[in-house]
Amino acid sequence: MTTATLTRGPAETARPGYSFRSTARMEWLKLRSVRSTSWVVLIFAAGMIGLSVLVLSHEHWATMAAADRAAFDPTNEGFTGLALGQLVLGVLGVLAITTEFSSGMIRATFAAVPRRPMVLAAKAAVVAAVTLVAGEVLAFGAFAAGELVLRSPAPHATLGQPGVLRAVLMGGAYPCLIALIALGLGAIIRNTAAAISAVVGMLFVVPLILLPLGTSVQHSVGQFLPMLIAENSMTAVKPVAHSLSPGVGLAVLCGYAAVALVAGGWALGRRDA
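The structure presented is a predicted model; accordingly, all values stated were derived computationally and were not measured.

Q: Mind showing me how you'd approach the overall build of the chain here?
A: Helix and strand counts for the chain stand at 13 helices and zero strands. Counting only C-alpha atoms, the chain reaches 95 × 40 × 30 Å along its principal axes. Burial status across the chain gives 42% buried among its 273 residues. Total accessible area computed for the chain in this model is approximately 13,600 Å², and 69% of it derives from carbon and sulfur atoms. Here the chain contributes 18 positively and 11 negatively charged side chains, and the mean placements of these two sets differ by 14 Å.

Q: Would you take a moment to explain the packing of aromatic side chains for this structure?
A: Aromatic ring pairs are defined here through the distance separating the ring centres and the angle between the ring planes. Here the structure, examined in full by the defined rule, presents one aromatic pair. Ring centres 5.8 Å apart and planes at 65° place the aromatic pair W61 and F72 in the edge-to-face group. Of the two residues, W61 sits in the loop between helix 3 (35-57) and helix 4 (66-71) while F72 sits in the loop between helix 4 and helix 5 (74-77), which places them 11 residues apart along the sequence. What makes W61 buried here is its relative accessible area of 17%.

Q: How should I be thinking about a nonpolar patch on the surface in this particular structure?
A: A contiguous nonpolar surface patch, about 420 Å² in accessible area, is contributed by W39, L42, I43 and L84. With three residues, helix 3 is the largest single contributor of residues to the nonpolar patch. With respect to the element layout, W39 can be found in helix 3. Under the relative-accessibility criterion, W39 is labelled exposed at 53%.

Q: How should I be thinking about unusual backbone geometry in this particular structure?
A: With an omega of 15°, the peptide bond running from S152 to P153 counts as cis. Residue position: P153 is located in the loop between helix 8 (116-149) and helix 9 (164-189). Positioned with a positive phi, R190 is a non-glycine residue whose angle comes to about 65°. Positionally, R190 belongs in the loop between helix 9 and helix 10 (192-210). Looking at R190, the relative accessible area reads 12%, which means it is buried.

Q: What's the story with helix 3 in this structure? I'm lost.
A: An α-helical turn contains 3.6 residues, so a residue and the one three or four places further along point in the same direction. Here helix 3 spans 33 Å end to end across 23 residues, near enough to the 33 Å set by a 1.5 Å rise per residue. Lining the buried residues of helix 3 we find helix 2 (20-33), helix 5, helix 6 (82-103), helix 8 and helix 9.

Q: Help me understand the packing of helix 9 against helix 13 (residues 246-270), please; the structure alone is not making it clear to me.
A: The angle between the axes and the distance between the axes are what describe a pair of packed helices. Two numbers describe how helix 9 lies on helix 13: the axes approach to 8 Å, and their chain directions differ by 20°. On the basis of the axis angle, helix 9 is roughly parallel to helix 13. Viewed along their axes, helix 9 and helix 13 form a crossing whose handedness is left-handed. Here helix 9 contributes R166, M170, Y174, L177, L180, I181, L183, G184, A187 and I188 to the contact with helix 13, which in turn contributes P246, L250, L253, C254, Y256, A257, A260, L261, A263, G264, A267 and L268. The residue inventory of the contact of helix 9 with helix 13, partitioned by class, reads 19 nonpolar, two polar and one charged.

Q: Before we go on, may I ask you to explain the confidence of the model for the chain in this structure?
A: Parts of the model with low pLDDT should not have their predicted coordinates read in detail. On average, residues of the chain carry a pLDDT of 87, and 93% of them reach 70 or more. Here helix 1 (residues 2-13) stands out as the element of the chain with the lowest mean pLDDT, 42, in contrast to helix 9, whose mean of 96 is the highest. Confidence drops under a pLDDT of 50 for residues 1-15, and excluding neighbours within four residues, the segment shows one contact in the predicted structure.

Cut-offs applied
Residue positions within a chain follow its written sequence, with the count starting from 1. Note on the predicted model: pLDDT of at least 70 is required for a residue's local features to be given, and 80 or more for side-chain atom pairs to be given and counted; whole-chain, interface and lining totals, by contrast, use all residues. Excluding hydrogens and water, the side-chain figures rest on all heavy atoms present in the structure. Here a helix means four or more residues in a row that DSSP labels H or I, a strand means two or more in a row labelled E, and each is numbered from the N terminus. For every residue, the accessible area obtained with a 1.4 Å probe (protein chains only) is divided by the maximum for its type, and the residue is called buried under 20%, exposed over 50%, and partly exposed between those limits. The accessible surface values rely on the Shrake-Rupley method and a 1.4 Å probe; as for residues, cover is taken only from the protein chains in view. Only four residue types enter the charge count: Lys and Arg as positive, Asp and Glu as negative, with His and the chain ends excluded. Every charge is mapped to an atom, namely NZ of Lys, CZ of Arg, CG of Asp or CD of Glu. Between rings of Phe, Tyr and Trp, where Trp is taken as its six-membered ring, a pair exists when centres lie within 6.5 Å; planes separated by under 30 degrees are stacked, by over 60 edge-to-face, and by other angles tilted. Like-charged residues are merged into a patch within 9 Å and nonpolar side chains (Val, Leu, Ile, Met, Phe, Trp, Tyr) within 5 Å, provided each residue has over 30% relative accessible area and no salt bridge. Basic side-chain nitrogens of Lys or Arg form a salt bridge, by our definition, when they fall within 4 Å of a carboxyl oxygen of Asp or Glu. In this scheme, a helix's expected span is set at 1.5 Å multiplied by one less than its residue total. We call two residues contacting when some pair of their heavy atoms lies within 4.5 Å. Helix axes are fitted only over the stretch in contact, all axes being lines through C-alpha atoms; the angle between N-to-C directions runs from 0 to 180 degrees. We call two directions roughly parallel when the angle between them is under 35 degrees, roughly antiparallel when it is over 145, roughly perpendicular when it lies between 65 and 115, and oblique otherwise. Two helices cross in a left-handed way if the nearer one is turned anticlockwise from the farther one by less than a right angle. They cross in a right-handed way if the turn is clockwise. Each residue receives one of three labels: charged for Asp, Glu, Lys and Arg, nonpolar for Ala, Val, Leu, Ile, Met, Phe, Trp, Tyr, Cys and Pro, and polar for the others, Gly being one of them. What pLDDT reports is the predictor's confidence in each residue, on a scale of 0 through 100.

Encoded structure:
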């Protein structure tokens, strides 16, 4: 009787571990409860819709030169707000993990879920879901708003035209992938300011560094930079020279996100919180 009781005791008192589903639910509750999440989404929405309306409402077809008319792409012009939007959702990706390190909450998270890579995977699933839904909704919204304010006789784009639907879909997927890359960088760096600086450097500083290095370096290296990939993927009229095709560019961005998250999971697993 005593032996049976001792045998059953540890099994009965052992605390069950969190599954991926429950961990993802926990991460969703944390992300939703943070006030900065709502502000980030609102700024993203304002940038996407507002800049699309601002840019396309000031296009004057009658005064355009012939070359400008030939290259005019209302779809691409409508996504001017992504210059801001990519950074905004990148900040969201960073904050999804670095705020826990700065507040010390990450210790409680790792105590509840000792499998640290699974924590990052759950965060990535939640961040991807939120940013992809927000990105796609606002990409279609920016496209519709831009076409609404574009005055005739300027040509309008429709989703049925070649390349337009692909461009709009990429307009929502691109900031989501930037957010995932930023999440991976945040897991590696663990400091909010430093991780956001890394995102800014990747998006804006590296292209500037390439400028004085000559056209050959710009063409060979620049085609793999996120912003140029996005620019070509959201062009429906004339492809950007010396750039990857939209399909290859999307694959490269997915690869960047995967590498950043794998590296982040490895860093979380090896370093103390």
